[in-house]
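Residues per chain, in single letters:
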Amino acid sequence: MPDFLLEIGCEEIPARMIDAASQELRERVSALLTRERLTADKIAYFDTPRRLAVMVAGMSAAQADVTEQVTGPSVSVAYKNGEPTAAAHAFARKAGVDVAQLEKITTAKGEYLAARVTKKGRSAAEILAENLPSEISSIYWPKSMYWRKANERFVRPVRWLVAMLDGETIPLEFAGIWAGKISRGHRILSDGAVTISRAGSFYVDALRTAKVLGRGEREQQIRKALDAATRTIPGARWREDQSLLDTVVNLTEFPSVIPGGFDPQFLALPEEVLVTVMRDHQKYFAVEDGSGKLLPHFLAVLNTDGDPQGLIRHGNERVLRARFNDARFFWETDQKRSLLERLELLRHVTFQKDLGSYYEKTRRVQRLCSWLSEIVRHSGMAVRPGVIHKAVCLAKTDLTTELVKEFTELQGIVGGLYARAQELDSSLPEATRLAIADAIYDHYKPESTEDDVPRSMEGAVLSIGDKADTIAGMFALGLVPSGSKDPFALRRQGNAIVKVIDKYKLPLRLHDMMRDARAGYQGSEAEKKFIDDAKFSGVVRTFFRERLEFYLKDVCGYPYDVVKAVLAADAEDVVDALARAEAVKQVLHMPEFLAIGAACKRMHNILRQAQEKGSTPAARFEYLPDSVQEEKNLAAYLEVNGSKVEELRRKNEYGDALILLSTAREHVDAFFDKVMVMAEDEKLRANRLALLRTLLKEFSTIADFSEIVTEGQNIK
């Protein structure tokens, strides 16, 4: 059981692309091993900016031999007068066996000849050498390049390959490079070439000696170095930023940290601007005091072992000073024109080539948010429509500012900061102006499922309205996300809408909201290019059902079958779906619901088969002279408890409703044990089908229990 090593060495890979590519390479290698019947104990990885590596421990040295039964000609063709014909001899030669070893087997078509053929397993080295090049070339990169031939592409030029089984090299070739045992160490801190004596831990040890650390070691070393550098600044701590930490880990092979400082006068600028410049543009960690207030210091991560003469520190401080000066200049220049004055400038800022300008988008979002505000207000929730209206009016105006043009990451945030710094309207109370500023500041939130939602109800409505308008316009144009392609980040915006609705428990139905959002384009030039309403409705329903399914399963952690069961009943009301999912989750342990799930599936099948045979249920169940006691008991149960269940549903007391429904099990079991639904008598059959339809409707309004899985099996 040898160890396997594959290392793809290349020029520096963009940090943002490393993690996804590393995972894909591991998945491809694992799938290849499974496909080729090669077992493995463990698959690990080793990635740096200059390499992607996969390490497989305890891999099969070769495939196991496989014995297969091969079917040949029919016996009537293979034998004549008891003697094998030419067809039998030809089949024996093809199978590689003597004609006397052929067997007779019986199939659905009659008797045929068969032979048992043993296929010798191939060596792992042969399989890997043959298949790995195509797996490597199939890795997805957002951008790739070629340096030899146009059809040979990779994210960066490949400079070396290492492919080994234990101590032996695999004869693997990719992009004109043949695999060997020579890797490369740190670009500055090592002598270059590193000989890998053997796959496994020997590889990691050899690179560590050459000043190249694995991802986990690099992160640990950076954290320790950040702590040590911060201790040189009295009362300071470095600001935790996992996203930035992930980035600098993928920018280094042997990291160290140096502190730096900047003029305290720059602290007069908003903290958001300073941190964005440090984090997004320079990859520096911010430093703060014990209360979280920004200090005039930063920490820079280097891909070397230090800066003994302080030259790197001096250069970093000089660059940061220039960037801060630019930010201050843009801030001061922007203040010469208020956000209200910038509204007209949005006529000249394109939202999307077919959907018009941001000025037109602003007007649409204002109308949509007015409707959303009314829905929220009528539900009894506190909301300030006037604040939302003014916030929508100014939300996109920062796109015309110099600060956002330079630091695009700050769109929305800059608008909120400017609204806070400027006098929007002398008649506005201070609290109202700040509420408007907060709504503008937050209206792009949440930018991921981990991000916070807007801080206020007004910000939440604005966030939803803005994103709904974007999704409606793009979908109406037919620009629907597919596969890995989502250039307008519509899935992310859909996820954000679902999360905001959940966190604020808003009474908004997804399809109704999107219908109103599309209506905002009525009469526009864009509408002439829209798909028809029915198609739009279909793709939007599917899209948001997928977003809600993702949210319930991956964000909230509900089991997959619970999510399926709940969404089968209704996928339009986010808050209601969450309440039903929680109720279903709480009753899953009850055997009554497992039995009810099986009964629901049986009812589905009976009603479907009846429809196929042309049998139509009656309009409603009646007590007929030929009705047996079990169906009368079930009908009586529904008459007594149906209204009670409906009342509990109206109150959103789904747990109690489900507990009440569980008491139907005894009557349902008795009905299916004693009653023939598809009776010969047409009237009796239609009557019983009506009873089943009513019963199924009662069970399915909260969840479709036939979707629930028990003991690894779907109870369908």
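Residues numbered from 1 in each chain as written. Predicted model: local features only at pLDDT ≥ 70, side-chain atom pairs only at ≥ 80, totals over all residues. Heavy atoms only, no water.

A.B. asks: Provide a residue-level description of the overall build of the protein chain, including the pertinent values.
C.D. replies: Helix and strand counts for the protein chain come out as 26 helices and 22 strands. The C-alpha atoms of the protein chain give a radius of gyration of 34 Å, which is well past the 27 Å a tight globule of 716 residues would have. Looking at the protein chain residue by residue over its 716 residues, the buried ones come to 51%. Within the protein chain, contacts between residues separated by at least 24 positions form 68% of all contacts whose residues are at least 6 apart in sequence. For the protein chain, the exposed surface amounts to about 34300 Å²; the carbon and sulfur share of it is 50%. Between the centroid of the 100 positive side chains of the protein chain and the centroid of its 103 negative side chains there is a distance of 3 Å. (Helix = DSSP H or I, 4+ residues; strand = E, 2+ residues; numbered from the N terminus. Rg over C-alpha atoms; globule rule 2.2 N^0.38 Å. Buried < 20%, exposed > 50% of the residue type's maximum accessible area, 1.4 Å probe, protein only. Contact = heavy atoms within 4.5 Å. Areas by Shrake-Rupley, 256 points an atom, 1.4 Å probe, with all protein chains shown as cover. Lys, Arg positive; Asp, Glu negative; His and termini not counted. Charge placed at Lys NZ, Arg CZ, Asp CG, Glu CD.)

A.B. asks: How would you sum up empty space enclosed by the protein? Please name residues and give values.
C.D. replies: For the structure shown, the criterion picks out 2 cavities of 30 Å³ or more. The computed volume of the largest cavity comes to approximately 60 Å³. Counting residues per element, the ones that place at least two in the lining of the largest cavity are α23 (629-650), α24 (654-662) and α26 (682-700). With 5 residues, the top contributor of residues to the lining of the largest cavity is α23. (1 Å grid on protein atoms, 1.4 Å probe; cavity = no way out; pocket = protein on both sides within 12 Å on 5 of 7 lines; lining within 4 Å. Points joined across faces, edges and corners; volume = space filled by probe spheres on them.)

A.B. asks: Before we move on, could you go through the sheet that holds strand β9 (residues 158-165) and cite the residues and values that matter?
C.D. replies: The strand order across the open sheet built from 5 strands is β2-β3-β1-β9-β10, with neighbouring strands paired in antiparallel fashion. One side of each edge strand has no neighbouring strand; the edge strands of this open sheet are β2 (42-48) and β10 (168-169). Judged from the 7 bridges that link them, strand β1 (residues 4-10) and β9 form a sheet pairing that is antiparallel. Residue Ile-8 lies in a different strand from β9, and its bridge partner there is Leu-161. (Pairing = 2+ DSSP bridges.)

A.B. asks: So what about the pairing of β9? Which residues, and what values?
C.D. replies: Counting buried positions along β9 gives 7 out of 8 residues, so the element sits mostly inside the fold. Summarising the sheet, β9 and β10 pair through 2 bridges and their orientation is antiparallel. Pairing of Met-164 across the sheet is with Thr-169, part of β10. Taking the residues that link successive antiparallel strands as the turn, the β9-β10 hairpin has 2 residues, and the phi of Asp-166 there is positive, at about 55 degrees.

A.B. asks: Please give an account of the side chain of Asp-47 that cites residues and values.
C.D. replies: Among the secondary structure elements, Asp-47 is positioned in strand β2. Buried charge without a partner: Asp-47 forms no salt bridge, and the closest opposite charge is Arg-26, 4.3 Å away. Looking at Asp-47, its side chain comes within polar contact range of the side chain of Ser-22, at 2.2 Å. Once you skip the residues sitting within four places of it in the chain, Asp-47 turns out to touch Ile-18, Ser-22, Arg-26, Leu-52, Ala-53, Arg-215 and Arg-218. (Salt bridge = Lys/Arg side-chain N within 4 Å of Asp/Glu carboxyl O. Polar contact = N/O pair within 3.5 Å; in protein donor to acceptor, adjacent residues only side chain to side chain.)

A.B. asks: Which residues make up the pattern of salt bridges, and what are the values?
C.D. replies: Evaluated as defined, the whole model comprises 57 salt bridges. Salt-bridge contacts for Arg-377 lead to Glu-374; the nearest nitrogen and oxygen are separated by 2.7 Å. You can see Arg-377 and its partner Glu-374 sitting in helix α11 (residues 358-378), 3 residues apart, about one turn around the helix. The partly exposed category is assigned to Arg-377, whose relative accessible area is 39%. Given a relative accessible area of 29%, Glu-374 falls into the partly exposed group. One network of salt bridges, with partners in common, ties together Asp-19, Arg-215, Glu-219, Arg-223, Glu-240 and Asp-246.

A.B. asks: Give me the pairing of strand β8 (residues 110-119): which residues, what numbers.
C.D. replies: Strand direction decides the pairing type here: strand β4 (residues 66-74) and β8, joined by 7 bridges, are antiparallel. Of the residues in β8, the one forming a bridge with Thr-71 is Ala-114. Bridge analysis of strand β7 (residues 103-107) against β8 gives 5 bridges, and the strand direction is antiparallel. In the sheet register, Ile-105 faces β8, and the bridge partner there is Tyr-112. With antiparallel pairing between neighbouring strands as the criterion, β7 and β8 make up a hairpin whose turn holds 2 residues.

A.B. asks: Describe the packing of aromatic side chains, listing the residues and the values that go with them.
C.D. replies: Under the defined criterion, the tally for this structure stands at 13 aromatic pairs. Taking 4.5 Å as the distance between ring centres and 15 degrees as the angle between the ring planes, the aromatic pair formed by Tyr-284 and Phe-298 counts as stacked. Taken together, the residues span a long stretch of sequence, with Tyr-284 in strand β17 (residues 284-289) and Phe-298 in strand β18 (residues 294-302) at a distance of 14 residues. Note on accessibility: Tyr-284 and Phe-298 belong to one class, buried. Linked through ring pairs, Trp-141, Phe-154 and Phe-174 together constitute an aromatic cluster. A cation sits over an aromatic face here: Lys-104 above Tyr-79, 5.3 Å from the ring centre. Over the aromatic face of Tyr-359 sits the side chain of Arg-347, whose NZ or CZ is 3.8 Å from the ring centroid. (Phe/Tyr/Trp six-rings, centres within 6.5 Å; stacked < 30°, edge-to-face > 60°. Lys NZ or Arg CZ within 6 Å of the ring centre and 35° of its normal.)

A.B. asks: Could you give an account of the sheet that holds β17, naming the residues involved and the relevant values?
C.D. replies: Read from one edge to the other, the open sheet built from 4 strands follows the order β15-β17-β18-β16, with strand pairing classed as antiparallel. This sheet does not close on itself; its edge strands, each paired only once, are β15 (236-238) and β16 (256-261). Neighbouring strand axes in the sheet, compared pairwise and without regard to direction, differ in orientation by 30 degrees on average. Here 3 bridges tie β15 to β17, and the two strands are oriented antiparallel to one another. Bridged to Arg-237 within β17 is Glu-288. (Axes fitted to C-alpha atoms, helices over the stretch in contact; angles between N-to-C directions.)

A.B. asks: Summarise the packing of helix α1 (residues 15-35) against helix α4 (residues 124-137); cite the residues concerned and give the values.
C.D. replies: Two elements in contact, α1 and α4, have axes whose closest approach is 11 Å; the angle formed by their N-to-C orientations is 145 degrees. α4 is crossed by α1, and the crossing has right-handed handedness. Within the contact between the two elements, α1 uses Arg-28, Val-29, Leu-32, Leu-33 and Arg-35 and α4 uses Leu-128, Asn-131, Leu-132 and Glu-135. Residue classes in the contact of α1 with α4 are distributed as 5 nonpolar, 1 polar and 3 charged. (Left-handed = near helix turned anticlockwise from the far one by under 90°. Nonpolar A, V, L, I, M, F, W, Y, C, P; charged D, E, K, R; others polar.)

A.B. asks: Pulling in residues and values, what's your account of the confidence of the model for the protein chain?
C.D. replies: Within the protein chain, residue pLDDT values average 90, and 99% of them lie at 70 or more. Within the protein chain, the lowest mean pLDDT, 40, falls on strand β22 (residues 713-714), and the highest, 97, falls on β18. In this model residues 711-716 is a low-confidence stretch, pLDDT under 50, and it forms 15 contacts with partners more than four residues away in sequence or in other chains. (pLDDT = per-residue confidence, 0-100.)

A.B. asks: Summarise the packing of helix α9 (residues 311-334) against helix α14 (residues 413-421); cite the residues concerned and give the values.
C.D. replies: Where α9 contacts α14, the axes come no closer than 12 Å and their chain directions differ by 55 degrees. By the angle between their axes, α9 is oblique relative to α14. Judged by the sense of rotation from one axis to the other, the crossing of α9 with α14 is right-handed. Residues Phe-330, Trp-331 and Asp-334 of α9 touch α14, and the partners they reach there are Leu-417, Tyr-418 and Ala-421. A per-class count over the contact of α9 with α14 returns 5 nonpolar, no polar and 1 charged. (Parallel < 35°, antiparallel > 145°, perpendicular 65-115°, else oblique.)

A.B. asks: Requested: an account of helix α18 (residues 510-519), with residues and values cited.
C.D. replies: Leu-510, His-511, Met-513, Met-514, Ala-517 and Arg-518 are the residues of α18 that are buried. The buried residues of α18 occupy an angular sector of 160 degrees when projected down its axis, which confines them to one face. Lining the buried residues of α18 we find α11, α16 (457-476), α17 (490-504), α19 (533-555) and α21 (574-587). (Arc of directions from axis to C-beta.)

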